[in-house]
Amino acid sequence: MAIETSCDETAIAVLEINSKPKILSNIIASQVKIHQKYGGVFPALAKREHQKNLLPVLTKSLKTAKMLKAQSVKRETKNNNLKRKTLQKILEREPNLSKNIEKFLNQYEKPKIDAIAITVGPGLEPCLWTGVNFAKALSSWWNLSLIPVNHLEAHIAANWLEKNPDTKNLFPTICLVVSGGHTQLILMKDFGHYKIIGETRDDAAGECFDKTARVLGLPYPGGPAISKLAEQAQSPSQKDFKINLSRPMINEKNYDFSFSGLKTAVLYDYQKRSAKTKKSAFYLKAISKEIQEAIIDVLIKKTIRAAKDYRAKTIMLGGGVTANNRLRQKFLEETEKKKIEIFIPQPEFSTDNAAMIAVAAYFGIKKKKGWQDIKADANLRI
Ligand code: KG4
Ligand code: ZN
């Protein structure tokens, strides 16, 4: 069973993994509607929402996996007192959680799971801690070990959810992880063997979608909003407006990225337009298309160059931005031309979910620990 609370999705999944993973449940409570008012994720609010959502999501996830069984007899032992005290200590800083968790744990049997996987970083510190404390509480009560998972490693591991890529012909692979907080090119030689060969020097690709969307008055998260408008744009409209955004660092002989200049360029373009144009669907579609193309062009060029330089056998994508249709289509076209095999998780597994945390834990099973040894780390590196 895996738990994910690194940003604004509260997610819990149960997987049965022998060779091919079988998803028994994959429940996600999204906070998007709540954060939309603020135009981005507000960490203190996100933490409170996780505290509110975790038990209902756990209940639904176990129920869907057919693992929620009411306790037939209530066992009151001396041991229970100790367990209760430990639980309260673990949830000292999660008062909203500790109130209901005990009732839940007394009401239901221990589910038939082998271990609990938990995202420990990177992410928003207060949010990570809520998930970690919740996982520790369950682990201590049910006497199950915990497997700490790196969120970025899980975005890559999402590629193992549907397919079972033949590992013999897979490595080395070049992974592009593009999310709201990260843009990294990673050389992966095997499970657990990663080397970051390039990353963004300022904003992440997802952050660039989110920030430019905000400039244009579009809702959070910006990626889906921009992508929807871009799909409706027609090529001539772009010429009418003469929007030409630069492709930052595209020709530089390194594997780094920089997206903050794009946000500024969009802001200048927007500011010079008339009030009428700013609001017109015609303009918003045209500029959305150009933003999307600029981001995708840089990501593709640099990823393919890295794959060639490192003689990678395959390319693997992961992270929320890879849910983007145009990015998927262009990556497929370009890698086909260059005869490189590519893996992209289905859109539902590209954005944050707990099923990917479970597969990552399966490959990282050696990291299994007792709950006392688990900590959240907002800046965890792969
Ligand atoms: O991986 P993710 O769900 O959460 C983090 O780990 O950050 O990624 C979220 C990011 C957001 O910036 C969001 O705007 C972007 O992924 N995103 C997209 C699309 N769907 C989500 N970006 C472009 N096109 C999309 N369809
Ligand atoms: Zn993510």
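The notes below deal with the structure included here. (Residues numbered from 1 in each chain as written. Chains lettered and ligands numbered in written order. Predicted model: local features only at pLDDT ≥ 70, side-chain atom pairs only at ≥ 80, totals over all residues. Heavy atoms only, no water.)

## A word on the site of ligand 1
Close to ligand 1 lie 19 residues; His155, Gly180, Asp210, Gly320 and Asn324 are nearest. Within the contact set of ligand 1, an oxygen atom lies 2.8 Å away from a backbone nitrogen or oxygen of Gly180. For ligand 1, the accessible surface in isolation is 550 Å², of which the surrounding protein chains cover 88%. Of the pockets mapped on this structure, ligand 1 occupies the largest pocket. At the level of elements, helix H6 (151-157), helix H7 (205-215) and helix H8 (222-232) are the ones that each hand at least two residues to the shell around ligand 1. Its residues assigned to classes, the shell around ligand 1 shows 5 nonpolar, 12 polar and 2 charged. Both domains that meet at the shell around ligand 1, namely domain 1 (2-155 + 351-373) and domain 2 (166-344), each give it at least three residues. (Near = heavy atom within 4 Å. Polar contact = N/O pair within 3.5 Å; in protein donor to acceptor, adjacent residues only side chain to side chain. Areas by Shrake-Rupley, 256 points an atom, 1.4 Å probe, with all protein chains shown as cover. 1 Å grid on protein atoms, 1.4 Å probe; cavity = no way out; pocket = protein on both sides within 12 Å on 5 of 7 lines; lining within 4 Å. Sits in = over half its atoms within 2 Å of the grid points. Helix = DSSP H or I, 4+ residues; strand = E, 2+ residues; numbered from the N terminus. Nonpolar A, V, L, I, M, F, W, Y, C, P; charged D, E, K, R; others polar. Domains from an automatic or database assignment.)

## Thoughts on unusual backbone geometry
Of note, the amide linkage connecting Gly121 to Pro122 takes the cis form, showing an omega dihedral of -10°. On the secondary structure map, Pro122 appears in the loop between strand S4 (115-121) and helix H5 (125-142). Between Tyr220 and the following residue, Pro221, the backbone shows a cis peptide bond with an omega angle of -5°. Inspection of the secondary structure assignment puts Pro221 in the loop between H7 and H8. Phi angles above zero are rare outside glycine, and Asn143 is one such case at about 55°. Structurally, Asn143 can be placed in the loop between H5 and strand S5 (145-150). The phi dihedral of Met249 is positive, around 65°, even though this residue is not glycine. If you trace the backbone, Met249 turns up in the loop between helix H9 (235-241) and helix H10 (260-272). Relative accessible area serves as the criterion here: at 12%, Met249 is assigned to the buried category. (Buried < 20%, exposed > 50% of the residue type's maximum accessible area, 1.4 Å probe, protein only.)

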